[in-house]
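Listed here are the chains, written in short residue letters.
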Amino acid sequence: MHIQLSYKGTMVRVSPVTFEHHRDALGIGQSAPRLSWKTTGDEKDWTQSSYELKITIHGPHAKEEKSETFKVKSSESVLVPWPCSPLKSSQSATVQVRVTGAKGSDPSEWSVPSTVEIGLLGKDDWKSQVIAAPRTLSASDSLQPALFRKDFHLSKKVQSARLYITAYGIYEAFINGTKVGDHVLAPGWTSYKYHLNYQTFDVTDLVKKGDNVIGAEVGEGWFSGRLGFNGGWRCIYGDKLAVLAQLEITYDDSQAETIGSDKTWKTTHSAIQAAELYDGESYDERSEILGWSTPSFKDDSWSAVSELNFPTPKLQAPEGPPVRKVETVKPKSIFKTPAGKTVVDFGQNLVGWLRVHVSGPSGHTITFTHTEVLEHGEIATRPLRDCKAKDTLTLAGKSITWEPKFTFHGFRYVQIDNWPLEDPTLSDLEAIVIHTDMQRTGWFECSEPMVNQLHQNICWGMKGNFVSIPTDCPQRDERLGWTGDIQIFSPTANFLYDTFGMLSGWTKDLAVEQIKELNGVVGVVVPDILPRQYTKPQAAWSDAAIITPWDLYTAFGDRQILKDQLESMKEWLEKGVARQENGLWDPDGTQLGDWLDPDAPPDDAGKAKTDPHLVANAYLVHVTDLMSKICKILGLGDGAEHYGSEAARLKKLFQEEYVTPNGRLAPDTMVSALLISMSQFLADYSLDTNSSLLRHPFPSPSPSTSTPRPPNSSPPPPAFPKLSASPPSKSAPASSALRSSSPL
């Protein structure tokens, strides 16, 4: 919504204020959030000369509201400072802005009010205890999901209610039989040893005067589930399923009451028999406990919970959006394989799970196996390695619409075994797409269908690998936060989506593990769940400590990310990099280098044509140069000078090591040519322009793959992207459309 007004012949639109990088400012963790707004109009060259902020701090009573107005002479409208005292835990405020132009115009109308509400900022704000269920193991030695519940009575009419909740595992919360919120896989994956996210929900409409019930269902997720390759590791962060919940009630008379998790809660096992991120979920409808989260249910047979120590990691409000169900994909076809198996094709690789509509006899079990590709006409499970990607549904003799809760799969094809009676129809199945619910900010479309398809592939690949953290793959026994992957991909990611909140939180995990555990080294995966023999200094991967914050800054213009990550950057360059005496990388150390060179053998992806230490040292010069720029931006003149001179010194050493006196590369490969072509290497060095790779760094398509043209004809002109104010529509013209915009 925008305020729209006309004055002195012009029209100005002022958008509602936003807070930090949040779309939803309920339960945020910043007590003095920076403010942003957009102003548009039809006056040529209009600029803002000043702004006014009207801030109303809310108290329990309307008469306790306090309003202040602040006028600031400034053209800034992005992430401007909070002008008054910081808010306290659970406190809310309403903010409006109006602006004045530089040519003596009247101020605009006030913007539509925007509300911000703070979460629980400190440990002392939590009046609840972490409660755990008895350990019940499934047939695969995973922890069987557990149910938790608590009856409570409210004696008066409710004005407002907030639920603050997290878990050791992944959870869904319920109040009076209704699921709370639309998050999935909450609280998401963080470095649980140091950071544990909690969520804040407005549950005013779910509670009532009289009898109520709060409940939670918890699966092992990333907290206790198997993670990693070669069999992986279980219970990395803990071996019990637990929940921490705090329901804060404010009555109409402004009196308050807190219902928190404690030893008075009850627990039992879920109808989900097993739920693993890699291997899938098994649900037995016959074990479903009907009405378990409603007030009429009797829990006399349920077990007592055990209280655990309060969490040692920092309980924090998320910086980015949650994982949600964002799309539904209908199947394209159902077919029989050469072996007679029934397979559903959704026509698109995606990440999420199935939703099925089915009925059948009690005790009948259906199996769903998910894969991305086919092999010899059958589903290809070989690329999954030690990952079953298999869900099972056991029926109870009635119609059911079912989908899993505590797993996810990367798939296009699903093999269905033992569907009751006849084969399923297309209307019986749909795929639910999940990912971190980032705001889309960039689009691309051109006149070449294959380029458009490539762009769509990139978008789908990003969505599938942005499930709580940035990962390498969504389908096999890995799905880890490989630092090298996001280091390469972050500029593209930042163009397509508003990634700032998600990635700024992830970089904080990177920093805390690096500084507290790894003596300056940045893990190749974050959160770092790998044994220590995998944690070695790696150029390009560990360089994400500098490159990813820099990419966030260049995309979103927020210097705070550079301030927040500065210590991590310095630790990496000063302590983490394994150097030889002259400051370049130690030539005896192992480097991943040009990983996945197309000519590398399938069983040795690191066997590239380019010297891995050339790659490492090129990155070292690059990140040292970036560090100089970062220090300059932050006003750290001494640091800028130090890292600038160090980058120049390392560049000279690099040139002496890898460029011959005649300007030829050693080795002369495509990768080395691309790396050496970076501006910091060419600024003061002349290379041999007769090098075939510098003249033609990309090979021309072979005759068998290029598009034939008539003899002596000219190549078709390129389709240059054009700016567009909105996403390209299906009816867009053949000319290309490109758009990128910051949410601010």
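Predicted, not measured: the structure shown is a model, and the values here were computed from it. (Residues numbered from 1 in each chain as written. Predicted model: local features only at pLDDT ≥ 70, side-chain atom pairs only at ≥ 80, totals over all residues. Heavy atoms only, no water.)

1. Brief notes about the overall build of the protein
Okay, step 1: Looking only at helices and strands, the protein has 11 helices and 40 strands in total.
Okay, step 2: In the protein, which comprises 744 residues, the share counted as buried stands at 53%.
Okay, step 3: Counting contacts in the protein only where the partners sit at least 6 residues apart, residues at least 24 apart contribute 75% of the total.
Okay, step 4: When the accessible area of the protein is evaluated, it comes to approximately 33400 Å², of which 50% is carbon and sulfur surface. (Helix = DSSP H or I, 4+ residues; strand = E, 2+ residues; numbered from the N terminus. Buried < 20%, exposed > 50% of the residue type's maximum accessible area, 1.4 Å probe, protein only. Contact = heavy atoms within 4.5 Å. Areas by Shrake-Rupley, 256 points an atom, 1.4 Å probe, with all protein chains shown as cover.)

2. Notes on the packing of helix α2 (residues 449-464) against helix α3 (residues 483-496)
Okay, step 1: The contact between α2 and α3 brings their axes to 11 Å, and the two run at 95°. By the angle between their directions, the pair α2 and α3 is classed as roughly perpendicular. Where α2 abuts α3, its residues His455, Ile458, Cys459 and Met462 lie against Phe489, Thr492, Ala493 and Leu496.
Okay, step 2: Across the contact of α2 with α3, the residue classes break down as 6 nonpolar, 2 polar and no charged. (Axes fitted to C-alpha atoms, helices over the stretch in contact; angles between N-to-C directions. Parallel < 35°, antiparallel > 145°, perpendicular 65-115°, else oblique. Nonpolar A, V, L, I, M, F, W, Y, C, P; charged D, E, K, R; others polar.)

3. A look at the packing of aromatic side chains
Okay, step 1: The tally for this structure, following the rule as stated, stands at 20 aromatic pairs.
Okay, step 2: Ring centres 5.9 Å apart and planes at 10° place the aromatic pair tryptophan 189 and tryptophan 222 in the stacked group. One end of the pair, tryptophan 189, is in the loop between β15 (178-179) and β16 (195-197); the other, tryptophan 222, is in helix α1 (residues 221-224), with 33 residues separating them in the sequence. Here the two residues tryptophan 189 and tryptophan 222 agree in accessibility, since each one is buried.
Okay, step 3: Centroid distance tryptophan 550 to tyrosine 553: 5.7 Å. Interplanar angle 45°. Geometry classified as tilted. Separated by 3 residues within a single helix, tryptophan 550 and tyrosine 553 lie in helix α5 (residues 544-556), roughly one turn from each other. Tyrosine 553 carries the same exposure label as tryptophan 550, and that label is buried.
Okay, step 4: Joined through ring pairs, the aromatic side chains of Tyr168, Tyr192, Phe223 and Tyr237 make up one cluster.
Okay, step 5: Over the ring of tryptophan 302 we find arginine 149; its NZ or CZ atom is 6.0 Å from the centre of that ring.
Okay, step 6: Taking the ring centre of tryptophan 460 as reference, the NZ or CZ of lysine 463 above it sits at 3.6 Å. (Phe/Tyr/Trp six-rings, centres within 6.5 Å; stacked < 30°, edge-to-face > 60°. Lys NZ or Arg CZ within 6 Å of the ring centre and 35° of its normal.)

4. Some thoughts on the pairing of strand β33 (residues 390-394)
Okay, step 1: Of all 5 residues in β33, 4 are buried, a share of seventy percent or more.
Okay, step 2: Pairing geometry for strand β23 (residues 280-284) and β33, over 3 bridges, is parallel. Along β33, the bridge assignment pairs tyrosine 283 with leucine 393.
Okay, step 3: Inspection of the sheet shows strand β30 (residues 365-371) paired to β33 by 5 bridges, in the antiparallel sense. Looking at the pairing, threonine 365 lines up with threonine 394 of β33. (Pairing = 2+ DSSP bridges.)

5. Thoughts on the sheet that holds strand β21 (residues 266-269)
Okay, step 1: If you walk across this open sheet you meet the 6 strands as β15-β14-β18-β12-β21-β24, and the pairing is antiparallel. A strand with exactly one partner marks an edge of an open sheet, and here the two such strands are β15 and β24 (303-304).
Okay, step 2: The pairing of strand β12 (residues 146-154) with strand β18 (residues 210-219) spans 9 bridges and is antiparallel. Bridging across to β18, aspartate 151 finds its partner in valine 213.

6. Regarding the packing of helix α6 (residues 560-576) against helix α7 (residues 612-633)
Okay, step 1: Contact pair α6 / α7: the axes reach a minimum separation of 11 Å and the direction vectors enclose 140°. Considering the relative orientation of α6 and α7, their crossing is left-handed. Every residue of α7 that contacts α6 at Leu562, Leu566, Met569, Lys570 and Leu573 is listed here: Leu620, Val623, Thr624, Met627, Ile630 and Ile633.
Okay, step 2: Split into classes, the residues belonging to the contact of α6 with α7 amount to 9 nonpolar, 1 polar and 1 charged. (Left-handed = near helix turned anticlockwise from the far one by under 90°.)

7. Some remarks on the pattern of salt bridges
Any two side chains of opposite charge can pair, given that their charged atoms come close.
Okay, step 1: Evaluated as defined, the whole model comprises 44 salt bridges.
Okay, step 2: A salt bridge links arginine 149 to aspartate 299, with the shortest nitrogen-to-oxygen separation between them at 2.7 Å. Of the two residues, arginine 149 sits in strand β12 while aspartate 299 sits in the loop between β23 and β24, which places them 150 residues apart along the sequence.
Okay, step 3: The residue arginine 162 makes a salt bridge to aspartate 202 at a minimum N-O spacing of 3.0 Å. One end of the pair, arginine 162, is in strand β13 (residues 158-168); the other, aspartate 202, is in strand β17 (residues 199-202), and 40 residues separate them in sequence.
Okay, step 4: By relative accessible area, which is 15% here, arginine 162 ends up buried.
Okay, step 5: Residues participating in the shared-partner salt-bridge network are Lys325, Lys330, Arg355, Glu403 and Glu430. (Salt bridge = Lys/Arg side-chain N within 4 Å of Asp/Glu carboxyl O.)

8. Section: the side chain of threonine 342
Okay, step 1: The residue threonine 342 is located in strand β29 (residues 342-358) in this model.
Okay, step 2: Polar contacts involving the side chain of threonine 342 include one to the side chain of lysine 336, which spans 2.8 Å.
Okay, step 3: Not counting chain neighbours up to four residues away, the residues in contact with threonine 342 comprise Ile334, Phe335, Lys336, Val414, Gln415, Ile416, Asp423 and Pro424. (Polar contact = N/O pair within 3.5 Å; in protein donor to acceptor, adjacent residues only side chain to side chain.)

9. Thoughts on the sheet that holds strand β9 (residues 92-101)
Okay, step 1: Strand order in this open sheet of 5 strands is β4-β10-β9-β7-β8, and the pairing throughout is mixed. Strands with a single pairing partner mark the edges of an open sheet, and in this sheet they are β4 (26-28) and β8 (66-72). Direction aside, neighbouring strands of the sheet carry axes that sit 30° apart on average.
Okay, step 2: The pairing of strand β7 (residues 48-58) with β9 spans 10 bridges and is classified as antiparallel. Considered in β9, the bridge of lysine 54 is made with glutamine 96.

10. A few points about unusual backbone geometry
Okay, step 1: Cis rather than trans, the peptide bond between alanine 186 and proline 187 has omega equal to 10°.
Okay, step 2: Relative to the elements of secondary structure, proline 187 occurs in the loop between β15 and β16.
Okay, step 3: A cis amide bond links valine 526 with the next residue in sequence, proline 527, at an omega value of -5°.
Okay, step 4: With respect to the element layout, proline 527 can be found in the loop between α4 (500-516) and α5.

11. Some points on α6
Okay, step 1: For α6, with 17 residues, the first-to-last C-alpha span of 23 Å sits near the 24 Å given by 1.5 Å per residue.
Okay, step 2: The largest bend along α6 measures about 50° and falls at leucine 566.
Okay, step 3: Within α6, burial applies to Ile561, Leu562, Gln565, Leu566, Ser568, Met569, Glu571, Trp572, Leu573 and Gly576.
Okay, step 4: Contact partners of the buried residues in α6: α4, α5, α7 and α8 (637-658). (Expected span 1.5 Å × (residues − 1). Bend = angle between axes of the 7 residues up to and from the residue.)

12. What to know about the nonpolar core
Okay, step 1: In this structure, Phe368 and Ile434 are the most contacted members of the largest nonpolar core, which totals 128 residues.
Okay, step 2: The dominant element in this core, judged by the number of residues it contributes, is α7, at 12 residues.
Okay, step 3: Discounting residues that sit within four places of it in the chain, isoleucine 434 has contacts with Val184, Leu185, Val323, Arg324, Lys325, Val326, Val351, Gly352, Trp353, Phe408, Lys463 and Val467.
Okay, step 4: Ala161, Ala216, Val243 and Ile249 belong to the second-largest nonpolar core, a separate cluster that totals 32 residues. (Core = buried A, V, L, I, M, F, W, Y, C linked by side-chain atoms within 4.5 Å.)

Bear in mind that shape data such as this cannot, by itself, settle questions of function.
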